[in-house]
Amino acid sequence: MNKKRAAVVGATGMVGQRLLLLLQNHPYFDVTVLAASANSAGKKYSDAIGSRWKLSIPCPDYAKDMTVVAADDIDCIKANADFVFCAVDMPKAEVKALEEAYAKAELIVVSNNSANRLVEDVPMIIPEINESHLSVIEAQKKRLGTKRGYIVVKPNCSIQSYVPALTPLLGYGIESISVTTMQAISGAGKTFDSFPEIIDNVIPYIGGEEEKSEVEPLKVWGNVVDGKIVPATEPIITAQCIRVPVSDGHLASVFVKFKNKPTIEQMLEAWDKFEATPQKLALPHAPAKFVTYIDEPNRPQTKLDRDIYGGMGVTVGRLRPDHLFDYKFVCLSHNTLRGAAGGGVLTAELLYRLGLLD
Ligand SMILES: NC(=O)c1ccc[n+]([C@@H]2O[C@H](COP(=O)([O-])OP(=O)(O)OC[C@H]3O[C@@H](n4cnc5c(N)ncnc54)[C@H](OP(=O)(O)O)[C@@H]3O)[C@@H](O)[C@H]2O)c1
(Lines give C-alpha, C1' and ligand atoms only; values in the text may rest on other atoms or scores of the structure.)
Protein backbone atom coordinates (compact mmCIF):
# COMPACT_ATOMS: atom_id res chain seq x y z
CA MET A 1 0.00 0.00 0.00
CA ASN A 2 1.06 3.56 -0.70
CA LYS A 3 1.92 5.01 2.71
CA LYS A 4 0.92 8.57 3.63
CA ARG A 5 3.25 11.09 5.27
CA ALA A 6 1.98 12.31 8.64
CA ALA A 7 2.86 15.47 10.58
CA VAL A 8 2.32 15.40 14.34
CA VAL A 9 1.57 18.94 15.51
CA GLY A 10 1.84 19.27 19.28
CA ALA A 11 4.37 16.41 19.22
CA THR A 12 5.83 17.38 22.61
CA GLY A 13 2.47 17.29 24.42
CA MET A 14 0.68 14.46 26.21
CA VAL A 15 -1.44 13.53 23.20
CA GLY A 16 1.49 14.11 20.82
CA GLN A 17 3.66 11.63 22.74
CA ARG A 18 0.95 8.99 22.50
CA LEU A 19 0.64 9.70 18.79
CA LEU A 20 4.37 9.11 18.27
CA LEU A 21 4.10 5.68 19.92
CA LEU A 22 0.95 4.67 18.04
CA LEU A 23 2.48 5.71 14.72
CA GLN A 24 5.71 3.74 15.22
CA ASN A 25 6.01 1.17 12.39
CA HIS A 26 2.49 1.99 11.24
CA PRO A 27 1.41 0.08 8.13
CA TYR A 28 -0.36 3.09 6.52
CA PHE A 29 1.59 6.11 7.79
CA ASP A 30 5.16 7.40 8.14
CA VAL A 31 5.76 10.28 10.55
CA THR A 32 7.73 12.82 8.51
CA VAL A 33 7.20 16.05 10.49
CA LEU A 34 7.13 16.87 14.21
CA ALA A 35 5.83 20.33 15.09
CA ALA A 36 5.28 22.27 18.31
CA SER A 37 5.58 25.83 19.63
CA ALA A 38 8.34 28.30 18.83
CA ASN A 39 10.04 27.19 22.09
CA SER A 40 10.68 23.74 20.63
CA ALA A 41 11.17 24.69 16.97
CA GLY A 42 14.68 24.15 15.58
CA LYS A 43 15.61 21.65 18.30
CA LYS A 44 16.12 17.92 17.96
CA TYR A 45 13.00 16.20 19.36
CA SER A 46 15.01 14.55 22.15
CA ASP A 47 16.27 18.00 23.24
CA ALA A 48 12.87 19.65 22.88
CA ILE A 49 11.16 16.99 24.95
CA GLY A 50 13.96 16.83 27.56
CA SER A 51 12.47 15.50 30.80
CA ARG A 52 8.90 16.12 29.61
CA TRP A 53 8.41 12.60 28.19
CA LYS A 54 5.51 11.42 30.37
CA LEU A 55 4.79 7.87 29.26
CA SER A 56 6.13 4.66 30.77
CA ILE A 57 7.09 3.36 27.28
CA PRO A 58 10.26 5.22 26.15
CA CYS A 59 10.28 7.76 23.33
CA PRO A 60 10.55 5.87 20.00
CA ASP A 61 13.97 6.03 18.34
CA TYR A 62 12.65 7.27 15.01
CA ALA A 63 11.52 10.55 16.62
CA LYS A 64 14.59 11.38 18.71
CA ASP A 65 16.76 12.91 15.95
CA MET A 66 13.99 14.62 13.99
CA THR A 67 14.14 18.42 14.09
CA VAL A 68 10.97 19.99 15.46
CA VAL A 69 9.41 22.66 13.25
CA ALA A 70 7.11 25.49 14.30
CA ALA A 71 3.41 24.63 14.04
CA ASP A 72 2.82 27.78 11.99
CA ASP A 73 5.54 26.91 9.42
CA ILE A 74 2.86 25.77 7.04
CA ASP A 75 5.08 25.76 3.94
CA CYS A 76 7.50 23.33 5.59
CA ILE A 77 4.70 21.08 6.87
CA LYS A 78 2.98 21.13 3.49
CA ALA A 79 6.20 20.25 1.68
CA ASN A 80 6.87 17.24 3.90
CA ALA A 81 3.49 15.79 4.88
CA ASP A 82 0.22 14.65 3.31
CA PHE A 83 -1.86 15.15 6.43
CA VAL A 84 -1.63 16.45 9.99
CA PHE A 85 -2.52 15.12 13.42
CA CYS A 86 -3.13 18.27 15.46
CA ALA A 87 -3.12 18.30 19.31
CA VAL A 88 -2.00 21.66 20.64
CA ASP A 89 -2.60 23.66 23.78
CA MET A 90 -3.44 27.10 22.40
CA PRO A 91 -6.37 29.54 22.66
CA LYS A 92 -9.38 28.25 20.73
CA ALA A 93 -9.41 31.05 18.16
CA GLU A 94 -5.75 30.39 17.36
CA VAL A 95 -6.32 26.66 17.00
CA LYS A 96 -9.26 27.29 14.67
CA ALA A 97 -7.18 29.62 12.53
CA LEU A 98 -4.23 27.19 12.47
CA GLU A 99 -6.35 24.19 11.47
CA GLU A 100 -8.08 26.20 8.75
CA ALA A 101 -4.70 27.40 7.50
CA TYR A 102 -3.54 23.77 7.18
CA ALA A 103 -6.71 22.81 5.31
CA LYS A 104 -6.38 25.83 3.01
CA ALA A 105 -2.81 24.69 2.28
CA GLU A 106 -4.49 21.47 1.02
CA LEU A 107 -3.45 19.41 4.04
CA ILE A 108 -5.97 17.10 5.68
CA VAL A 109 -6.30 17.71 9.42
CA VAL A 110 -7.22 15.05 11.97
CA SER A 111 -7.72 17.09 15.12
CA ASN A 112 -7.77 16.32 18.83
CA ASN A 113 -8.63 19.92 19.65
CA SER A 114 -12.06 21.27 20.48
CA ALA A 115 -11.94 24.46 18.38
CA ASN A 116 -13.71 23.05 15.29
CA ARG A 117 -15.86 20.42 16.99
CA LEU A 118 -19.17 22.21 16.74
CA VAL A 119 -18.70 23.63 13.23
CA GLU A 120 -21.62 22.13 11.32
CA ASP A 121 -19.65 20.94 8.27
CA VAL A 122 -16.77 19.49 10.32
CA PRO A 123 -17.32 15.79 11.05
CA MET A 124 -16.72 14.85 14.70
CA ILE A 125 -15.96 11.20 14.33
CA ILE A 126 -16.04 8.11 16.51
CA PRO A 127 -15.18 5.66 13.71
CA GLU A 128 -17.56 2.90 14.85
CA ILE A 129 -20.50 5.29 15.27
CA ASN A 130 -20.84 8.08 12.74
CA GLU A 131 -18.71 7.31 9.68
CA SER A 132 -21.67 8.60 7.60
CA HIS A 133 -20.88 12.17 8.76
CA LEU A 134 -17.79 12.10 6.52
CA SER A 135 -20.15 12.97 3.67
CA VAL A 136 -20.09 16.64 4.79
CA ILE A 137 -16.44 16.94 3.83
CA GLU A 138 -17.37 18.05 0.31
CA ALA A 139 -19.47 20.92 1.68
CA GLN A 140 -16.64 21.91 4.03
CA LYS A 141 -14.15 21.99 1.13
CA LYS A 142 -16.53 24.26 -0.76
CA ARG A 143 -16.71 26.64 2.23
CA LEU A 144 -12.93 26.65 2.67
CA GLY A 145 -12.30 26.90 -1.08
CA THR A 146 -10.04 23.84 -1.08
CA LYS A 147 -9.59 20.97 -3.51
CA ARG A 148 -8.15 18.46 -1.04
CA GLY A 149 -7.77 20.06 2.40
CA TYR A 150 -10.36 19.56 5.12
CA ILE A 151 -10.69 19.11 8.89
CA VAL A 152 -12.00 16.10 10.78
CA VAL A 153 -12.15 16.17 14.58
CA LYS A 154 -12.64 13.64 17.30
CA PRO A 155 -14.93 14.35 20.23
CA ASN A 156 -13.96 15.12 23.80
CA CYS A 157 -12.45 12.22 25.75
CA SER A 158 -15.17 12.48 28.44
CA ILE A 159 -17.93 11.15 26.14
CA GLN A 160 -16.04 8.18 24.73
CA SER A 161 -17.05 5.72 27.40
CA TYR A 162 -20.79 6.35 27.58
CA VAL A 163 -21.54 7.28 23.94
CA PRO A 164 -20.20 3.91 22.67
CA ALA A 165 -22.26 2.11 25.35
CA LEU A 166 -25.45 4.05 24.57
CA THR A 167 -25.25 4.08 20.77
CA PRO A 168 -26.36 0.46 20.17
CA LEU A 169 -29.35 1.17 22.46
CA LEU A 170 -30.63 4.21 20.53
CA GLY A 171 -33.19 1.99 18.75
CA TYR A 172 -35.05 1.65 22.06
CA GLY A 173 -35.65 5.41 22.12
CA ILE A 174 -33.42 6.84 24.85
CA GLU A 175 -35.36 9.58 26.64
CA SER A 176 -32.84 10.83 29.19
CA ILE A 177 -29.34 10.19 30.46
CA SER A 178 -27.68 11.28 33.68
CA VAL A 179 -23.93 10.75 33.68
CA THR A 180 -21.12 11.46 36.14
CA THR A 181 -17.61 11.10 34.75
CA MET A 182 -14.58 10.37 36.92
CA GLN A 183 -11.70 11.64 34.83
CA ALA A 184 -7.98 10.93 34.89
CA ILE A 185 -5.33 13.62 35.33
CA SER A 186 -3.69 12.87 31.96
CA GLY A 187 -6.84 14.45 30.49
CA ALA A 188 -5.43 17.74 31.77
CA GLY A 189 -1.99 16.92 30.33
CA LYS A 190 -0.80 16.16 33.90
CA THR A 191 1.06 13.48 35.84
CA PHE A 192 1.11 13.04 39.64
CA ASP A 193 4.44 14.95 39.67
CA SER A 194 2.99 17.97 37.91
CA PHE A 195 -0.40 17.84 39.69
CA PRO A 196 0.38 17.10 43.39
CA GLU A 197 -2.85 18.73 44.56
CA ILE A 198 -4.82 15.77 43.14
CA ILE A 199 -3.12 13.25 45.43
CA ASP A 200 -5.57 12.13 48.16
CA ASN A 201 -8.14 14.42 46.57
CA VAL A 202 -11.13 14.70 44.23
CA ILE A 203 -11.78 17.95 42.38
CA PRO A 204 -15.42 18.43 41.37
CA TYR A 205 -14.78 20.83 38.50
CA ILE A 206 -13.21 20.56 35.05
CA GLY A 207 -13.66 23.80 33.11
CA GLY A 208 -15.96 23.45 30.08
CA GLU A 209 -16.21 19.68 30.37
CA GLU A 210 -19.85 19.35 31.43
CA GLU A 211 -21.07 21.46 28.51
CA LYS A 212 -19.06 19.32 26.07
CA SER A 213 -20.33 16.14 27.70
CA GLU A 214 -23.94 17.20 27.21
CA VAL A 215 -23.67 18.74 23.73
CA GLU A 216 -21.15 16.61 21.82
CA PRO A 217 -23.09 13.31 21.96
CA LEU A 218 -26.00 15.01 20.18
CA LYS A 219 -23.73 15.99 17.29
CA VAL A 220 -22.29 12.46 17.11
CA TRP A 221 -25.88 11.12 16.98
CA GLY A 222 -26.99 13.79 14.48
CA ASN A 223 -27.91 13.48 10.80
CA VAL A 224 -26.41 14.97 7.66
CA VAL A 225 -28.84 17.34 5.94
CA ASP A 226 -27.77 19.49 2.96
CA GLY A 227 -24.04 19.33 3.73
CA LYS A 228 -24.46 20.06 7.44
CA ILE A 229 -24.58 17.88 10.52
CA VAL A 230 -27.84 18.60 12.32
CA PRO A 231 -27.51 17.49 15.96
CA ALA A 232 -30.02 15.07 17.43
CA THR A 233 -32.62 16.82 19.62
CA GLU A 234 -32.89 13.98 22.10
CA PRO A 235 -32.11 12.35 24.51
CA ILE A 236 -31.81 14.92 27.28
CA ILE A 237 -28.33 14.59 28.78
CA THR A 238 -27.22 15.95 32.12
CA ALA A 239 -23.55 15.57 33.08
CA GLN A 240 -21.26 16.15 36.02
CA CYS A 241 -17.49 15.84 35.43
CA ILE A 242 -15.08 15.17 38.28
CA ARG A 243 -11.27 14.95 38.31
CA VAL A 244 -10.06 11.92 40.29
CA PRO A 245 -6.58 10.78 41.33
CA VAL A 246 -5.89 8.24 38.56
CA SER A 247 -3.26 8.58 35.85
CA ASP A 248 -5.25 7.36 32.82
CA GLY A 249 -8.82 6.26 32.15
CA HIS A 250 -12.17 8.03 32.34
CA LEU A 251 -14.90 6.09 34.15
CA ALA A 252 -18.57 7.09 33.82
CA SER A 253 -21.55 6.28 36.01
CA VAL A 254 -24.64 6.28 33.78
CA PHE A 255 -28.40 6.32 34.45
CA VAL A 256 -30.67 5.89 31.44
CA LYS A 257 -34.41 6.07 30.74
CA PHE A 258 -35.97 4.64 27.56
CA LYS A 259 -39.22 5.16 25.66
CA ASN A 260 -39.34 1.42 24.92
CA LYS A 261 -37.45 -0.19 27.76
CA PRO A 262 -35.25 -3.09 26.63
CA THR A 263 -34.57 -6.13 28.79
CA ILE A 264 -31.16 -6.61 30.38
CA GLU A 265 -30.59 -9.49 27.92
CA GLN A 266 -31.36 -7.19 24.97
CA MET A 267 -28.89 -4.59 26.25
CA LEU A 268 -26.15 -7.18 26.74
CA GLU A 269 -26.80 -8.53 23.26
CA ALA A 270 -26.67 -5.03 21.72
CA TRP A 271 -23.24 -4.43 23.28
CA ASP A 272 -21.98 -7.88 22.36
CA LYS A 273 -22.93 -7.49 18.69
CA PHE A 274 -21.79 -3.87 18.26
CA GLU A 275 -19.30 -3.74 15.42
CA ALA A 276 -18.78 -1.41 12.50
CA THR A 277 -16.42 -0.58 9.64
CA PRO A 278 -13.22 -0.45 11.78
CA GLN A 279 -13.81 -4.06 12.90
CA LYS A 280 -14.96 -5.22 9.43
CA LEU A 281 -11.88 -3.70 7.78
CA ALA A 282 -9.66 -4.84 10.70
CA LEU A 283 -8.08 -1.38 10.86
CA PRO A 284 -4.71 -1.53 12.65
CA HIS A 285 -5.99 0.19 15.82
CA ALA A 286 -9.55 -1.12 15.79
CA PRO A 287 -10.40 -3.15 18.91
CA ALA A 288 -11.58 -6.64 17.95
CA LYS A 289 -14.59 -5.85 20.15
CA PHE A 290 -15.73 -2.26 20.64
CA VAL A 291 -17.80 -2.73 23.83
CA THR A 292 -16.99 -5.49 26.32
CA TYR A 293 -19.34 -6.26 29.21
CA ILE A 294 -17.63 -7.55 32.35
CA ASP A 295 -19.81 -9.56 34.74
CA GLU A 296 -17.86 -9.23 38.01
CA PRO A 297 -19.67 -6.80 40.34
CA ASN A 298 -16.56 -4.70 40.98
CA ARG A 299 -15.67 -4.08 37.32
CA PRO A 300 -14.78 -2.20 35.18
CA GLN A 301 -11.95 -0.77 37.25
CA THR A 302 -9.86 2.04 35.84
CA LYS A 303 -6.49 0.44 36.53
CA LEU A 304 -7.46 -3.11 35.52
CA ASP A 305 -9.54 -2.46 32.43
CA ARG A 306 -8.44 0.78 30.73
CA ASP A 307 -5.90 -1.01 28.50
CA ILE A 308 -8.32 -3.47 26.93
CA TYR A 309 -7.47 -3.92 23.21
CA GLY A 310 -4.51 -1.57 23.55
CA GLY A 311 -6.66 1.08 25.22
CA MET A 312 -9.03 1.20 22.24
CA GLY A 313 -11.91 -0.83 23.67
CA VAL A 314 -14.68 0.31 26.01
CA THR A 315 -15.68 -1.75 29.06
CA VAL A 316 -19.10 -1.77 30.74
CA GLY A 317 -20.31 -3.37 33.96
CA ARG A 318 -22.75 -3.20 36.87
CA LEU A 319 -25.84 -3.12 34.64
CA ARG A 320 -28.91 -3.24 36.85
CA PRO A 321 -32.45 -1.83 37.09
CA ASP A 322 -32.95 1.59 38.64
CA HIS A 323 -36.10 2.88 40.33
CA LEU A 324 -35.76 6.50 39.16
CA PHE A 325 -34.42 5.84 35.65
CA ASP A 326 -34.80 2.42 33.94
CA TYR A 327 -31.21 1.18 34.27
CA LYS A 328 -27.83 2.16 35.62
CA PHE A 329 -24.35 0.97 34.69
CA VAL A 330 -20.69 1.96 34.73
CA CYS A 331 -18.40 2.29 31.70
CA LEU A 332 -14.75 3.07 31.07
CA SER A 333 -12.44 4.15 28.27
CA HIS A 334 -8.77 5.14 28.08
CA ASN A 335 -8.76 8.92 27.70
CA THR A 336 -5.46 9.43 25.89
CA LEU A 337 -5.83 6.30 23.70
CA ARG A 338 -9.46 5.76 22.60
CA GLY A 339 -10.35 9.24 23.90
CA ALA A 340 -7.54 11.16 22.20
CA ALA A 341 -4.49 9.96 20.23
CA GLY A 342 -5.84 6.47 19.49
CA GLY A 343 -9.19 7.86 18.39
CA GLY A 344 -7.35 10.23 16.04
CA VAL A 345 -5.20 7.43 14.61
CA LEU A 346 -8.23 5.15 14.11
CA THR A 347 -10.04 8.00 12.35
CA ALA A 348 -7.04 8.52 10.05
CA GLU A 349 -6.93 4.77 9.34
CA LEU A 350 -10.60 4.88 8.38
CA LEU A 351 -10.01 7.91 6.12
CA TYR A 352 -7.07 6.09 4.51
CA ARG A 353 -9.06 2.94 3.75
CA LEU A 354 -11.97 5.01 2.40
CA GLY A 355 -9.60 6.81 0.02
CA LEU A 356 -10.15 10.13 1.84
CA LEU A 357 -6.43 10.76 2.43
CA ASP A 358 -5.59 10.59 -1.31
N1 LIG B 1 -4.73 14.87 27.29
C2 LIG B 1 -5.90 14.32 26.90
O3 LIG B 1 -6.32 13.27 27.40
C4 LIG B 1 -6.71 14.95 25.81
C5 LIG B 1 -7.83 14.28 25.40
C6 LIG B 1 -8.58 14.79 24.34
C7 LIG B 1 -8.19 15.97 23.76
N8 LIG B 1 -7.10 16.64 24.19
C9 LIG B 1 -6.76 17.89 23.50
O10 LIG B 1 -5.54 17.73 22.79
C11 LIG B 1 -4.84 18.97 22.75
C12 LIG B 1 -3.46 18.78 23.34
O13 LIG B 1 -3.60 18.34 24.68
P14 LIG B 1 -2.34 17.81 25.51
O15 LIG B 1 -2.90 17.26 26.76
O16 LIG B 1 -1.48 16.97 24.63
O17 LIG B 1 -1.58 19.21 25.82
P18 LIG B 1 -0.08 19.44 26.34
O19 LIG B 1 0.46 18.22 26.93
O20 LIG B 1 -0.14 20.68 27.15
O21 LIG B 1 0.73 19.73 24.95
C22 LIG B 1 0.55 20.89 24.25
C23 LIG B 1 1.30 20.90 22.92
O24 LIG B 1 0.93 22.11 22.25
C25 LIG B 1 2.12 22.79 21.87
N26 LIG B 1 1.89 24.22 21.89
C27 LIG B 1 1.63 25.01 22.95
N28 LIG B 1 1.51 26.30 22.55
C29 LIG B 1 1.71 26.31 21.22
C30 LIG B 1 1.76 27.33 20.23
N31 LIG B 1 1.53 28.62 20.53
N32 LIG B 1 1.99 26.98 18.95
C33 LIG B 1 2.21 25.69 18.62
N34 LIG B 1 2.21 24.67 19.50
C35 LIG B 1 1.96 24.99 20.78
C36 LIG B 1 3.18 22.38 22.89
O37 LIG B 1 4.47 22.61 22.33
P38 LIG B 1 5.72 23.02 23.25
O39 LIG B 1 6.14 21.79 23.99
O40 LIG B 1 6.73 23.48 22.26
O41 LIG B 1 5.25 24.10 24.16
C42 LIG B 1 2.82 20.91 23.04
O43 LIG B 1 3.37 20.15 21.98
C44 LIG B 1 -5.70 19.98 23.53
O45 LIG B 1 -6.53 20.67 22.63
C46 LIG B 1 -6.53 19.07 24.43
O47 LIG B 1 -7.75 19.68 24.79
C48 LIG B 1 -6.32 16.15 25.20
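Conventions and cut-offs
Residues numbered from 1 in each chain as written. Predicted model: local features only at pLDDT ≥ 70, side-chain atom pairs only at ≥ 80, totals over all residues. Heavy atoms only, no water. Helix = DSSP H or I, 4+ residues; strand = E, 2+ residues; numbered from the N terminus. Rg over C-alpha atoms; globule rule 2.2 N^0.38 Å. Buried < 20%, exposed > 50% of the residue type's maximum accessible area, 1.4 Å probe, protein only. Contact = heavy atoms within 4.5 Å. Domains from an automatic or database assignment. Buried area = accessible area lost by both parts, 1.4 Å probe. Core = buried A, V, L, I, M, F, W, Y, C linked by side-chain atoms within 4.5 Å. Axes fitted to C-alpha atoms, helices over the stretch in contact; angles between N-to-C directions. Parallel < 35°, antiparallel > 145°, perpendicular 65-115°, else oblique. Left-handed = near helix turned anticlockwise from the far one by under 90°. Nonpolar A, V, L, I, M, F, W, Y, C, P; charged D, E, K, R; others polar. Expected span 1.5 Å × (residues − 1). Near = heavy atom within 4 Å. Polar contact = N/O pair within 3.5 Å; in protein donor to acceptor, adjacent residues only side chain to side chain. Phe/Tyr/Trp six-rings, centres within 6.5 Å; stacked < 30°, edge-to-face > 60°. Pairing = 2+ DSSP bridges.

Draft legend 1. Summary view of the overall build of the protein. Across its full length, the protein carries 13 helices and 14 strands. A compact globule built from 358 residues would reach a C-alpha radius of gyration of about 21 Å, and the protein, at 20 Å, matches this within 12%. Across its three principal directions, the C-alpha atoms of the protein cover 60 × 50 × 35 Å. For the protein, with 358 residues in total, the buried portion stands at 57%. Partitioning the contacts of the protein with sequence separation of at least 6, the portion at a separation of at least 24 is 77%.

Draft legend 2. Main features of the domain arrangement of the protein. Examined at the domain level, the protein breaks down into domain 1 (4-156 + 341-353) and domain 2 (158-334). Spacing between the C-alpha centres of domain 1 and domain 2 amounts to 24 Å. Contacts between the two partners involve 37 residues from domain 1, matched on the other side by 38 residues from domain 2. With both chains or domains summed, domain 1 and domain 2 bury close to 3000 Å², and 64% of this area falls on carbon and sulfur atoms.

Draft legend 3. Main features of the nonpolar core. Counting 59 residues, the largest nonpolar core has Ile-77, Tyr-102, Tyr-162, Ile-177, Trp-221, Trp-271 and Phe-329 as its most contacted members. Each of domain 1 (4-156 + 341-353) and domain 2 (158-334) contributes no fewer than three residues to this core. Look past the residues within four positions of Ile-77 in its chain and what remains in contact with it is Ala-7, Val-33, Ala-35, Val-69, Ala-70, Ala-71, Val-84, Tyr-102 and Leu-107. Residues Val-15, Met-66, Ala-286 and Leu-350 belong to the second largest nonpolar core, which totals 47 residues.

Draft legend 4. Structural view of the packing of helix α1 (residues 14-22) against helix α13 (residues 337-353). In contact at an axis separation of 9 Å, α1 and α13 are set at 50° when each is read in the N-to-C sense. Compared by their axis directions, α1 and α13 come out oblique. Crossing handedness for the pair α1 and α13: right-handed. Contact residues: α1 offers Val-15, Arg-18, Leu-19 and Leu-22, while α13 offers Leu-337, Ala-340, Ala-341, Gly-342 and Val-345. Residues belonging to the contact of α1 with α13 are distributed by class as follows: seven nonpolar, one polar and one charged.

Draft legend 5. Up close: helix α8 (residues 209-220). Here α8 contains twelve residues, and its C-alpha end-to-end distance of 16 Å stays within 8% of the 16 Å for a straight helix at 1.5 Å per residue. Residues of α8 that are buried make contact with α7 (162-166), β7 (174-183), β9 (228-230) and β10 (236-243).

Draft legend 6. Representation of the site of the ligand in the model. Near the ligand, the surroundings consist of 26 residues, among which Thr-12, Ser-37, Ser-40, Arg-52 and Asn-113 are the closest. Within the backbone of Gly-10, a nitrogen or oxygen atom sits 3.3 Å from an oxygen atom of the ligand. Between the ligand and the protein, one listed contact pairs an oxygen atom with a backbone N or O atom of Asp-89 at 3.1 Å. Listed by contribution, the elements that provide at least two residues to the shell around the ligand are α1 and α13. The residue makeup of the shell around the ligand, split by class, is ten nonpolar, 13 polar and three charged. When residues of the shell around the ligand are sorted by domain, at least three fall in each of domain 1 (4-156 + 341-353) and domain 2 (158-334).

Draft legend 7. How the structure looks around the packing of aromatic side chains. Applying the stated criterion across every chain, the model contains twelve aromatic pairs. Between Phe-255 and Phe-325, the ring centres sit 5.9 Å apart and the planes meet at 50°, which makes this aromatic pair tilted. Taken together, the positions of Phe-255 in strand β11 (residues 250-258) and Phe-325 in the loop between β13 (314-321) and β14 (327-333) put the pair 70 residues apart, joining distant regions of the chain. We classify Phe-255 as partly exposed; its relative accessible area is 25%.

Draft legend 8. Main features of the pairing of strand β6 (residues 150-153). Burial along β6 is two-sided: the residues Tyr-150 and Val-152 and Ile-151 and Val-153 are all buried. Pairing between strand β5 (residues 108-111) and β6: four bridges, direction parallel. Looking at the pairing, Ile-108 lines up with Tyr-150 of β6.

Draft legend 9. How the structure looks around the sheet that holds strand β12 (residues 291-293). Strands sit in the order β10-β7-β11-β14-β13-β12 across an open sheet of six strands; the sheet is mixed. The outermost strands of the open sheet, each flanked by one partner alone, are β10 and β12. Averaged over neighbouring strand pairs, the angle between their axes works out to 20° when direction is ignored. Here eight bridges tie β7 to β10, and the two strands are oriented parallel to one another. Within β10, the position partnered with Ser-176 by the bridge is Ile-236. In this fold helix α9 (residues 264-272) packs onto β11, β12, β13 and β14, with an angle of close to 175° to the strand it touches most, β13.

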